[in-house]
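Structural overview for review
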Amino acid sequence: MRFTIAIPAFKGKFLFQCIQSILNQDFKDFELIIVNDASPENLDEIVDKFDDDRIVYFKNKINTGAENVVDNWNLCLSYSKGDYMVLMGDDDLMERNYLSVFNNLIEKYPNHNIYHCRSYIINDNSEILGLTPSWPRWESVYENMWHRMSKFRSQYISDFVYKREFLLYIGGYFKLPLAWASDDITAYLAAIDKGIIHSQEPVFCYRESDITISNSGSVGLKIKAINEEEKWFDSFLQNNIPENNLDQYFYNMINKGKDKYFLKKRIDTIAYNGLRKGYYIKDIIKFVSKKSDYNLSLMHILYAVILAFKKDRSKTI
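As a starting point, this report considers the structure included with it. As the structure is a prediction and not an experimental result, all values here were calculated from the model.

**A short note on the nonpolar core**
By size, the foremost hydrophobic cluster in this structure holds 45 residues, and its most contacted members are Trp73, Met85, Leu87, Ile114, Met145, Tyr162 and Tyr173. Ranked by the residues each element gives to this core, the list is headed by helix 9 (residues 219-239), at eight residues. What Ile114 contacts, discounting residues up to four positions off in sequence, is Phe160, Val161, Tyr162, Ala187, Ala190, Ala191, Gly195, Ile196 and Ile197. Listed in part, the 37 residues of the second largest apolar core include Leu15, Cys18, Leu32 and Tyr156.

And the structure:
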């Protein structure tokens, strides 16, 4: 079997559309694994609307929860049988030629562990809001890291296709709380030796919604994930020295910009998630005051808090 497409499903709102977009693929050699993560919604009714023997449906007895969502990703992987693995969000969509585009890439570059496409950004009405940037056909892990840190790259778990054998070899998708940066680090691991092969065709549709984990998860867990991501970067940069001059350039740029990147990520996380949910200054301090290195960031965050609360006089500081 060529592909396994897996949906770790919890939300029902867009699940029917997601499944339909997968079954409508013009490349037919795939299985669709759906793992119901003990959802309180009636996902059975949605799945039962499809009569297709490529669908394999599982139900977890206990919900893995948003913090441990990567456990459900890896459960999906454990059920898979295809040579290549695709993990789909339960509210996202595939263009009809998604699999055929990736199959063509694999045919042309069979010795790589990871492949990637451009993506449309869509809203709740499936209207296109944007398009992720174009990429070179081949990109080293250092280039990808640097572009991600510099905010020049937008990528999601479902616009990557992995060689399933490699994912099993590394123990599955890299686990961080809320899957925060899990997709990035998994991609970096897969790209270390041979880089990433990109398609210029946008064949995936990522849905921006307030109900996604990345927009709704605990700010405390996100800060924890960022700390763990930073430790991973430190270990990676200590143990992986690039072999050519271009990679050395990006390696140096990653080292140079790493602290600034994580500082900004903390500020962004708190500003978007913490303030939006009414966190107070005392709540924010405990997330960022554990390391003396972040005293400057704390001042910037407090200033951002003051500005934000001035806009909402219903809250008090």
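So much for the structure itself; the text now carries on.
**A few points about the state of the cysteines**
By definition, a disulfide links the sulfur atoms of two cysteine residues through a covalent bond. For the structure on display, the rule yields zero disulfides. With no disulfide of its own, Cys117 has Cys205 as its nearest cysteine by sulfur position, at a separation of 9.2 Å. Note on Cys117: relative accessible area 0%, which makes it buried.

**Digging into the pairing of strand 10 (residues 196-207)**
The buried count for strand 10 comes to ten of twelve residues, which makes it a mostly enclosed element. Across two bridges, the pairing between strand 5 (residues 93-94) and strand 10 is antiparallel. What sits directly across from Leu93, in strand 10, is Cys205. With seven bridges joining them, strand 6 (residues 114-122) and strand 10 adopt parallel strand pairing. Bridge assignment links Tyr115 to a residue of strand 10, and that residue is Ile197. Pairing analysis gives two bridges linking strand 8 (residues 138-139) to strand 10, with the strands arranged antiparallel. Looking at the pairing, Trp138 lines up with Ile197 of strand 10.

About the thresholds
Residues numbered from 1 in each chain as written. Predicted model: local features only at pLDDT ≥ 70, side-chain atom pairs only at ≥ 80, totals over all residues. Heavy atoms only, no water. Core = buried A, V, L, I, M, F, W, Y, C linked by side-chain atoms within 4.5 Å. Buried < 20%, exposed > 50% of the residue type's maximum accessible area, 1.4 Å probe, protein only. Helix = DSSP H or I, 4+ residues; strand = E, 2+ residues; numbered from the N terminus. Contact = heavy atoms within 4.5 Å. Disulfide = S-S within 2.5 Å. Pairing = 2+ DSSP bridges.

These figures come from the coordinates and say nothing about function on their own.
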